[in-house]
Amino acid sequence: MGQTWNGSTSSDWNNSANWNGGVPGSNSTATIPGNTTHSPSITSNVTVKNLVIGDWNNPTTLSVDGGSLTVKEDVSLYNFGELKMTSGSILLDRTKNASFSFAYTDAKITLLGGTFTSDLDIQVNGSFDAGNANVIMNGNLTIGSNKSGSAIGGTWTINNNLNVLGRLDLATTTLNV
């Protein structure tokens, strides 16, 4: 079952008026299209089966601000879509043969703090800015050709392969490979 964000009332993820089909549960696909009045913000514990951010044409951001987001299977991040965390945690889990689709050019992962853990392989085809967040990659991380990854602090733990085809600037970040 899938629910689509309409953002008609506020940025509160847990407000059912902001969703077509009700607030997504742990077996749901949550779709966050662009061009809504309010972009969603997670301030509590949220688990979904699949997550789609962006729609190729309009900017949108899903923010995790002090809460936690767990995605049990597939993640799709399309052009103009952004997954952003100011604090809290994001876990991209692998319960099956899950995948992470990272669209081209304007798709972004922006982590200002907190902990980002991915059991999925991620190929960055936009930008991956980890700020001061702690990053734990249990899947492969590839920075695509002419694409960028960066951080200014925190710790990156890479438990699989790190492939840099573009640019990676880790400043004072601790890198454990």
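Every value quoted in this text rests on a predicted model; they were computed, and no experiment measured them. (Residues numbered from 1 in each chain as written. Predicted model: local features only at pLDDT ≥ 70, side-chain atom pairs only at ≥ 80, totals over all residues. Heavy atoms only, no water.)

### Remarks on the overall build of the chain
Heads up, the rule is: Here a strand is any run of E in DSSP of at least two residues, a helix any run of H or I of at least four, and the numbering for each starts at the N terminus. We take the radius of gyration over the C-alpha atoms and set the globule estimate at 2.2 Å times the residue count to the 0.38 power. Whether a residue is buried, partly exposed or exposed follows from its accessible area with a 1.4 Å probe, protein chains only, as a fraction of its type maximum: under 20%, in between, or over 50%, in that order.
Check the secondary structure of the chain and you find zero helices and 21 strands. The globule rule puts the C-alpha radius of gyration for 177 residues at 16 Å, and the 15 Å found for the chain is close to it. Dimensions of the chain, computed from C-alpha atoms along their principal axes, come out at roughly 45 × 30 × 30 Å. Here the chain holds 177 residues, and 45% of them are scored as buried.

### Topic: the nonpolar core
Going by this rule: By nonpolar core we mean a set of buried residues, namely Ala, Val, Leu, Ile, Met, Phe, Trp, Tyr and Cys, connected to one another through side-chain atoms within 4.5 Å. Note on contacts: a residue pair is in contact if any heavy atoms of the two residues lie within 4.5 Å.
In terms of nonpolar packing, the biggest core is built from 41 residues, with Leu 69, Leu 111 and Phe 116 touching the most fellow members. The contact partners of Leu 111, leaving out residues within four places of it in the chain, are Met 85, Ile 90, Phe 116, Phe 128, Asp 129, Ala 130, Gly 131, Asn 132, Ala 133 and Val 135.

### A closer look at the side chain of Thr 70
Inspection of the secondary structure assignment puts Thr 70 in strand E7 (residues 60-71). Residue Thr 70 is classed as buried on the basis of its relative accessible area of 19%. Not counting residues up to four positions away in its chain, the partners in contact with Thr 70 are Val 46, Thr 47, Val 48 and Leu 91.

### Some points on unusual backbone geometry
For Asn 35, which is not a glycine, the phi torsion comes out positive at approximately 65 degrees. Along the polypeptide, Asn 35 turns up in the loop between strand E3 (29-32) and strand E4 (41-42). Within the chain, Ala 171 stands out as a residue other than glycine whose phi angle is a positive 40 degrees. Along the chain, the position of Ala 171 falls in the loop between strand E20 (167-169) and strand E21 (174-176). For Ala 171, a relative accessible area of 56% translates into the label exposed.

### Topic: the sheet that holds strand E2 (residues 19-20)
Working definition: the strands of a sheet are paired by backbone hydrogen bonds and lie parallel or antiparallel to each other. Selection criterion: Pairing between two strands is assigned when DSSP locates at least 2 bridges connecting them.
An order of E2-E1-E3-E6-E8-E10 is seen for the six strands of this open sheet, with the pairing classed as mixed. Strands at the two margins of the open sheet, each flanked by one partner only, are E2 and strand E10 (100-102). Relative to strand E8 (residues 75-77), strand E6 (residues 50-53) runs parallel, the two sharing three bridges. Note that in E8 the partner of Leu 51 across the bridge is Val 75.

### Regarding the sheet that holds strand E16 (residues 141-143)
Our working rule: For every element, the axis is a line fit to its C-alpha atoms; helices are fit only across the contacting stretch, and the angle between N-to-C directions ranges from 0 to 180 degrees.
As summarised here, the arrangement of the three strands in space is E13-E16-E19, forming an open sheet in which the pairing is parallel. Strand pairing shows two members of the sheet lacking a second neighbour, strand E13 (122-124) and strand E19 (162-164), which therefore form its edges. On average, adjacent strands in this sheet sit at an angle of 10 degrees to one another, irrespective of strand direction. Bridge count between E13 and E16: three bridges; the pairing is parallel.

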